[in-house]
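Secondary and tertiary structure notes
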Amino acid sequence: MNWCERGACRSEDPELFFPLGEGALSLRQIEQARAVCRRCPVLHECRAFALRHREYDGVWGGMTARERRAAAGSGSGGTRR
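Quick look at the structure, then. Remember, it's a predicted structure, so these values are computed and weren't measured experimentally.

1. Overview of the overall build of the chain
What the chain contains, in helices and strands, is three helices and zero strands. The order of helices and strands in the chain, counted from the N terminus, is α-α-α. With the C-alpha coordinates aligned to their principal axes, the bounding extent of the chain is approximately 30 × 30 × 20 Å. Taken over 81 residues, the chain has a buried fraction of 38%. For the chain, long-range pairs separated by at least 24 residues make up 43% of all intrachain contacts whose partners lie at least 6 apart in sequence. Just so you have it, the chain exposes about 5,500 Å², and 53% of that area is on carbon and sulfur atoms. For the chain, the centre of its 14 positive side-chain charges and the centre of its 10 negative side-chain charges are spaced 7 Å apart.

2. A short note on the nonpolar core
Counting residues in hydrophobic clusters, the biggest one holds 15 residues, and the most contacted among them are Leu16, Phe17, Ala33, Val36, Cys37 and Val59. Listing elements by their share of this core, those giving two or more residues are helix 1 (24-38) and helix 2 (43-52). Among the elements that line this core, the one with the most residues is helix 1, at four residues.

3. A word on the packing of aromatic side chains
Centre-to-centre distance and the angle between the planes together describe a pair of aromatic rings. The final tally for this structure, using the stated rule, is two aromatic pairs. When the centroid spacing of 5.7 Å and the interplanar angle of 55° are considered together, the rings of tryptophan 3 and phenylalanine 49 count as tilted. Placement of the pair is tryptophan 3 in the segment before helix 1 and phenylalanine 49 in helix 2, with a sequence separation of 46 residues. The exposure class assigned to phenylalanine 49 is partly exposed, which follows from its relative accessible area of 22%. With a centroid separation of 5.6 Å and an interplanar angle of 25°, the aromatic rings of phenylalanine 49 and tryptophan 60 are classed as stacked. In this pair, phenylalanine 49 sits in helix 2 while tryptophan 60 sits in the loop between helix 2 and helix 3 (65-74), placing the two residues 11 residues apart along the sequence. Look at tryptophan 60 and you get buried, because its relative accessible area is 18%. Three or more aromatic residues joined by ring pairs make a cluster, and in this case those are Trp3, Phe49 and Trp60.

4. Overview of helix 3
Among all positions in helix 3, only Ala65, Arg68 and Ala71 are buried. For helix 3, the angular spread of the buried residues around the axis is 120°, confining them to a single face. In helix 3, the exposed residues that point more than 90 degrees away from the buried face are Arg66, Gly73 and Ser74. Where helix 3 is buried, its residues touch helix 2.

Each value, and the rule that gives it
Residues numbered from 1 in each chain as written. Predicted model: local features only at pLDDT ≥ 70, side-chain atom pairs only at ≥ 80, totals over all residues. Heavy atoms only, no water. Helix = DSSP H or I, 4+ residues; strand = E, 2+ residues; numbered from the N terminus. Buried < 20%, exposed > 50% of the residue type's maximum accessible area, 1.4 Å probe, protein only. Contact = heavy atoms within 4.5 Å. Areas by Shrake-Rupley, 256 points an atom, 1.4 Å probe, with all protein chains shown as cover. Lys, Arg positive; Asp, Glu negative; His and termini not counted. Charge placed at Lys NZ, Arg CZ, Asp CG, Glu CD. Core = buried A, V, L, I, M, F, W, Y, C linked by side-chain atoms within 4.5 Å. Phe/Tyr/Trp six-rings, centres within 6.5 Å; stacked < 30°, edge-to-face > 60°. Arc of directions from axis to C-beta.

This is the structure we're talking about:
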């Protein structure tokens, strides 16, 4: 079975994971997406995929694109939470 088929996000509106901008509404949306990620059984696989494939948009594995860029640049491999 593919890891993404087991993701907690499968039952959520995909738009939740792709906020527009960085205003208060978007920050609230990011936190809602992260809440889904926190309960996800494949969080680490999702995060690793996003880092490996340089996903530039959205919340993947509980991380925003900005956080993934910072993690990739730091050489941490996205292990921070």
